[in-house]
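The lines below spell out each chain.
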Amino acid sequence: MPLSAALARASVLDPVERPEPGEWTQTCTAEEIAAQSPLAGGKPYPLAVKANIAVRGLRRSAGCELLDLGPEEADAPVVALLRRSGAVVVGMANMHELAFGITSRNASYGAVRLPGRPDRLAGGSSGGSAAVVARGHAEVALGTDTGGSISIPASLCGVAGFRPSTGRWPTAGIVGLSWTRDAPGVFARSVRRLAELDLAMLGGATAEDASRPRIGVPAELVRELHPSTQAAVDSALDALADTVELVPVTLSEVWELTRAAAMPIVCWEARRLLGDVAARALGLNAEQAFARLAAEVRSPDVRQILEAELESPVPPDAYAIAQQQTEQARACYAELLRKHALDALAFPATPAPAPPADSDGPVEHLGSRIDAFELYTRNTTPGAMLGAPMVTFPLAIPAEGLPVGLTVQGARFDDRRALRLAERMAETLANTDDPAG
C-alpha cells in the first residue's frame, strides 16, 4: 500500500485537511506526507513535532512570529532518529511561545485547548504535541521539557509522556531555554509505546523486572491536591499496594535546593540561548537580538519574563550559586534513592486538572487564587532540575471528570528502569479498572 494511502487510512490526513484551531502552527500537505519514506523501512507512523524542533522543509518558529522566517534545512537529530524508526512528520505542533509557560495560550497561533473540553487548556509548553496525540491526529509527538513541559500536558490531556534524563537524547536543532534543564521528550497513547520509541532510538536492552519494586511517595508532592486529583491518586496508590512497596519519603533538601536554583538557572541560560537563536535569525548581535525578542514577543507572560531579565539580569555570582545548588540537589537525590533502596518515586504530575481556557495568571485552587505557573510546575520542577527521567501516564477518572496523570521519576540516566516500572504500574491499574481483568 502506498504510504499516503496507509496514513490516510489511519485518519492522519484529518489534521492536514481540517486542523484544530490552536493545535498546529503548520501542517504538511498530503503530497508532502506521501513524499516521506521511513529511513530504515520500519512500519510508518505519523509524528507531530513541537514547533521549536527543526524539521527539514518546515518552519521552526518556537511559537514566536518573530522567528517564523523560513523552512529549516535539516532535521534535528532527535527527528532523524525517529524517522529511522518509521516516523513520517505530519506537521508542527503549537506550543507556549518560546516554551516559556505552562498553558500553551499562544498570542500568535491560538490557545491549545483540551481535546473534547474547549473550556479547558491543554497545558504546556508542549500542549499542541500532547493534544494532537490525545485527539488521534498523530500516533507520536515530540515535545521539549524544561520544568514539566512534557509531564504537565501529558497529565492534563490524558496521554503518556516521557521526559528522558537531561543529556540522554540529543538537543541540537532545538530552540531551548536551559542547557542544565532542557530535554526533548515524546508523547504516545501508552507507556509501552514510549519504551519502544526509546529502544528504537538508542538501542540497548530493556530493564529487568524487580520482584516487588520500592516506590517512594514524596510528602511534598501529594499535599494540597485538587479533590478529583486526590481521589484518582489515592485510588491508584491503593490499587498498586499489592504490586509495589510504597515508601513515604520527604524531599526536604532536594525540594529547597531545586526551588532556589530554578529561576536563576533558566533566566541566565535562556538569555544566552534565545539571544543566539534570534541573532542568527535577525542578523543582529546576541544582545540586540534578545532585546528585540523581548520587545516583540506577543504573549504577555513571556514578554514579562524576558523584560525582567533584560532590565535586571541574573548576576554571574547568583548563577554560580544556583549551579552549585543544582549539583548539591542531584547528590542529595541520589542519596535519597540509595538510603531508602528506592527504584523510583511516584506522584501526581500536577496538583490540579486542566485550568480554565480563560486562565491568565492566577487560577482558583482549594479556595485560593494561586499563580498558575507556580501551581502546575510545583511537582515537576524538582525532577527537571535534577535532570531525572519522568514517565507520566493517565489514571482512571470519573466519566465526567478531567484527566489526571501519575508520574514515575527514576534515577538520572536509569531511564529504562523508569519506563519499565511505569509500564508495569500502568498495566496493573488497567487490569484493576477492567472488571474482566
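Given the structure is predicted, the values throughout are model-derived calculations rather than measurements.

### With respect to the overall build of the protein chain
Here comes step 1: Of regular secondary structure, the protein chain possesses 15 helices and 17 strands.
Here comes step 2: Since a compact globule built from 437 residues should have a radius of gyration of about 22 Å, the 20 Å found for the protein chain is in line with a globular shape.
Here comes step 3: Oriented by its inertia axes, the alpha-carbon framework of the protein chain measures out at about 60 × 55 × 45 Å.
Here comes step 4: Per-residue burial for the protein chain yields a buried fraction of 56% across its 437 residues.
Here comes step 5: Within the protein chain, residue pairs in contact and separated by at least 24 positions form 75% of the contacts whose partners lie at least 6 positions apart.
Here comes step 6: Put simply, the protein chain shows about 16900 Å² of open surface, and 51% of that area lies on carbon and sulfur atoms.

### Details of the confidence of the model for the protein chain
Here comes step 1: This prediction gives the protein chain a mean pLDDT of 93; 93% of its residues lie at or above 70.
Here comes step 2: Residue range residues 1-6 is modelled with pLDDT below 50. Its contacts to residues more than four positions away, or to other chains, number nine contacts.

### Regarding the packing of aromatic side chains
Here comes step 1: One pass over the full model with this rule turns up two aromatic pairs.
Here comes step 2: Pairing F162 with W169 gives two aromatic rings, centres 5.7 Å apart and planes at 85 degrees, and the pair type is edge-to-face.
Here comes step 3: Exposure remark for F162: the relative accessible area of 0% places this residue in the buried category.
Here comes step 4: Consider the rings of W268 and Y319, whose centres lie 4.7 Å apart with planes at 10 degrees: the pair is stacked. Taken as a pair, W268 in helix α9 (residues 253-282) and Y319 in helix α12 (residues 316-339) lie far apart in primary sequence, 51 residues in all.
Here comes step 5: Directly above the aromatic system of Y45 lies the positively charged group of R193, at a separation of 4.8 Å from the ring centroid.
Here comes step 6: Lying across the ring of W268, R272 places its NZ or CZ 3.5 Å from the centre.

### A few points about the pattern of salt bridges
Here comes step 1: Within the structure shown, the criterion is met by 26 salt bridges.
Here comes step 2: The shortest N-O distance in the salt bridge between E245 and R214 comes to 2.9 Å. Within this pair, whereas E245 is found in strand β12 (residues 245-249), its partner R214 is found in strand β11 (residues 214-218), the two being separated by 31 residues in sequence.
Here comes step 3: You can call E245 partly exposed: its relative accessible area is 30%.

Rules of the game
- Note on numbering: residues in each chain are counted from 1, in written sequence order.
- In keeping with the predicted nature of the model, local features appear solely for residues at pLDDT of at least 70, side-chain atom pairs appear and are counted solely at 80 or more, and the whole-chain, interface and lining totals rest on all residues.
- Working from all heavy atoms in the structure, the side-chain values ignore hydrogens and water.
- Runs of E in the DSSP output that reach at least two residues are strands. Runs of H or I that reach at least four are helices, and both are numbered from the N terminus.
- Values of the radius of gyration come from C-alpha atoms, whereas the globule rule sets the reference at 2.2 Å times the count of residues to the power 0.38.
- Think of it in three bands: residues with accessible area under 20% of the maximum for their type are buried, residues over 50% are exposed, and the middle band is partly exposed, with areas taken using a 1.4 Å probe on protein chains only.
- Two residues form a contact once any of their heavy atoms are found within 4.5 Å.
- Areas reported here follow the Shrake-Rupley algorithm with a probe of radius 1.4 Å; residue values treat only the protein chains shown as occluding.
- Here pLDDT means the predictor's own confidence in every residue, given as a number from 0 to 100.
- Classification of ring pairs rests on two measures: the distance between centres of Phe, Tyr or Trp rings, Trp counted by its six-membered ring, which must be within 6.5 Å, and the angle between planes, read as stacked under 30 degrees, edge-to-face over 60 and tilted in between.
- Distance and angle both matter: a charge sits over a ring if NZ of Lys or CZ of Arg is within 6 Å of the ring centre and within 35 degrees of the ring normal.
- By salt bridge we mean one thing: a side-chain nitrogen of Lys or Arg within 4 Å of a carboxyl oxygen of Asp or Glu.

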